[in-house]
Amino acid sequence: MTREAYRRLLDATLLHLEGLKDLGVTHVPVRPESLAALQSVSPPRTTPPQRTQSTTPSATPSTTPSAARAARPAPTVEDPAPEPLPVPPRPTLFVSPPLSLGERIAALAALKTRALACTRCPALVASRKHVVFGTGNPQAQILFVGEAPGAEEDQLGQPFVGAAGELLTRILTAMELGRDQVYIANVLKCRPDTPGQLSGNRKPTHAEMGTCLPYLQEQIEIIRPAVLVALGGSAIEGLLGRSPGYVTQIRGKWLDFHGIPIMPTFHPAYLLRTQSALDKRRVWEDMLAVMERLGLPVSARQRGYFSKAA
Ligand code: SF4
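Attention here is on the structure that accompanies the text. It should be emphasised that the depicted structure is a prediction, and the values quoted were computed from it without experimental measurement.

**A few points about empty space enclosed by the protein**
Using the criterion set out here, one finds 3 cavities of 30 Å³ or more in the structure. Its volume calculated, the largest cavity comes out at about 100 Å³. Along the walls of the largest cavity sit 15 residues, with C118, C121, R128, C190 and C212 positioned nearest its centre. Looking at the lining of the largest cavity, the elements that each hand over two or more residues are α5 (122-127) and α8 (206-223). Sort the elements by how many residues they give to the lining of the largest cavity and α8 lands first, with 3 residues.

Pasting the structure below:
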């Protein structure tokens, strides 16, 4: 790795860690294998010191941010052209033991308090009515992930209310589950602002979702669901940190979030918009796959839903 690439990786990592710190994250667990991989990346050699040995910097990834910045070699004319910015490491989750119910309730309440006071996105803070944290069972096996609050969610402070929320409730009822048995949250906790618009919602940007993702990561870390269901392309993008392509092509195929399986499927609002019987059936097939993965009983009646729509 060149000195410039190393410096840019260090910058990106520090920026990421400082962002987590701003959100109140105090610990970032690291798997032993990740630590070993980090340690194998040695800082590039600088030009041998001209004066004394003490001027040679040592900028390993474990150095404190201020010390690392101080140790960063100054750019010189010999530096090669910058390389593409390496992707900063994402935090390793789920290394601590699962929490008890009481601990989960307390941890979620503390996290919610932090989220309600969050001001990291000034434009969204200025326009939001509520921070929509998430709701449901702290011991849920399934965590449904949406993209961001819409106008009704912003008004009420609850995720998935309104017509799309009612459809999600109907899907859950068909699975013989109640909303109190699952957990429902969005990647973005504040409604995307819509300057100049009197109605309608806007898709969250990649940057907005990346800024807010640590809250969802902590929710997942606390709840430890067995399965995530990502509703719509933006939710999938927010979870994975990259564009997933067309939902039509990836739905129904298991993805991974730090070892937790993700079932990608269509957003209920999309089903309401298109009224496509085929897509409704696809969502149901995805929910059957979730039930099977969790070992939930699937009756012949449930298996036969939408069979006439084929
Ligand atoms: S969207 Fe998330 S990160 Fe941005 S202000 Fe709201 S809670 Fe904070």
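Picking up after the structure, the text goes on.
**Observations concerning helix α4 (residues 101-116)**
End to end, α4 covers 22 Å across 16 residues, agreeing with the expected 22 Å (1.5 Å per residue, within 8%). Burial in α4 covers these residues: R104, L108, L111 and A115. On an axial view of α4, the arc spanned by its buried residues comes to 65°, and they lie on one face. Looking at the buried residues of α4, the elements they touch are β3 (183-186) and α8.

**Concerning the site of the ligand**
In the vicinity of the ligand, the contacting residues are C118, R120, C121, L124, V125, R128, L188, K189, C190, T211, C212 and Y215. The cavity that encloses the ligand is the largest cavity. Those elements giving two or more residues to the shell around the ligand turn out to be α5 and α8. Ranked by residues supplied to the shell around the ligand, first place goes to α8 with 3 residues. Its residues assigned to classes, the shell around the ligand shows 8 nonpolar, 1 polar and 3 charged.

**Structural notes on the layout of surface pockets**
Put simply, the second largest pocket is a space of about 750 Å³. What lines the second largest pocket is a set of 29 residues, among which E147, H267, A269, Y270 and R273 lie closest to the centre. For the lining of the second largest pocket, the elements supplying multiple residues, two or more each, are α6 (151-156), α7 (162-174), α9 (233-240) and α11 (268-274). Top element by residues in the lining of the second largest pocket is α11. It accounts for 4 residues.

**Description of the pairing of strand β6 (residues 260-265)**
Judged by how many residues are buried, β6 sits mostly within the fold: 6 of 6 residues are covered. Of the two faces of β6, the one carrying I260, I262 and P264 and the one carrying P261, M263 and T265 are both buried. Sheet analysis places strand β4 (residues 227-231) next to β6, joined by 4 bridges and oriented parallel. Counterpart to A230 in the pairing with β6 is P264. Here strand β5 (residues 255-257) runs beside β6; their pairing, made up of 3 bridges, is antiparallel. Among the inter-strand pairings, F257 is bridged to a residue of β6, identified as I260. Between β5 and β6, which follow one another and run antiparallel, lie 2 residues, and H258 among them has a positive phi close to 50°.

**Some points on the pattern of salt bridges**
Counted according to the given criterion, the structure contains 10 salt bridges. Here D286 makes a salt bridge to R251, at a shortest N to O gap of 2.8 Å. With a gap of 35 residues between them, D286 in helix α12 (residues 277-294) and R251 in the loop between α10 (247-250) and β5 connect regions that are remote in the sequence. Several salt bridges converge on common partners, so that one network encompasses R251, R281, E285 and D286.

**Examining the sheet that holds strand β1 (residues 135-136)**
Across the sheet, 6 strands lie side by side as β1-β3-β2-β4-β6-β5; this open sheet has mixed pairing. Each end of this open sheet is capped by a strand with a single partner; those strands are β1 and β5. Packing against the sheet, α9 makes contact with β2 (142-146), β4, β5 and β6, and its axis sits at approximately 130° to β4. In the packing of α12 onto the sheet, the strands contacted are β2, β4 and β6, and the crossing angle to β6 comes to about 165°.

**Here's the deal with α12**
In this model α12 runs 26 Å from its N-terminal to its C-terminal C-alpha over 18 residues, within 8% of the 26 Å that 1.5 Å per residue would give. Taken together, the buried positions of α12 are D279, R281, V283, W284, D286, M287, L288, V290, M291 and L294. Considering only its buried residues, α12 is in contact with β2, α7, β4, β6, α11 and α13 (300-304). Where α12 terminates, the next one or two residues include G295, which has phi positive at roughly 75°.

What counts as what
Residues numbered from 1 in each chain as written. Predicted model: local features only at pLDDT ≥ 70, side-chain atom pairs only at ≥ 80, totals over all residues. Heavy atoms only, no water. 1 Å grid on protein atoms, 1.4 Å probe; cavity = no way out; pocket = protein on both sides within 12 Å on 5 of 7 lines; lining within 4 Å. Points joined across faces, edges and corners; volume = space filled by probe spheres on them. Helix = DSSP H or I, 4+ residues; strand = E, 2+ residues; numbered from the N terminus. Expected span 1.5 Å × (residues − 1). Buried < 20%, exposed > 50% of the residue type's maximum accessible area, 1.4 Å probe, protein only. Arc of directions from axis to C-beta. Contact = heavy atoms within 4.5 Å. Near = heavy atom within 4 Å. Sits in = over half its atoms within 2 Å of the grid points. Nonpolar A, V, L, I, M, F, W, Y, C, P; charged D, E, K, R; others polar. Pairing = 2+ DSSP bridges. Salt bridge = Lys/Arg side-chain N within 4 Å of Asp/Glu carboxyl O. Axes fitted to C-alpha atoms, helices over the stretch in contact; angles between N-to-C directions.

Geometry only, nothing functional implied.
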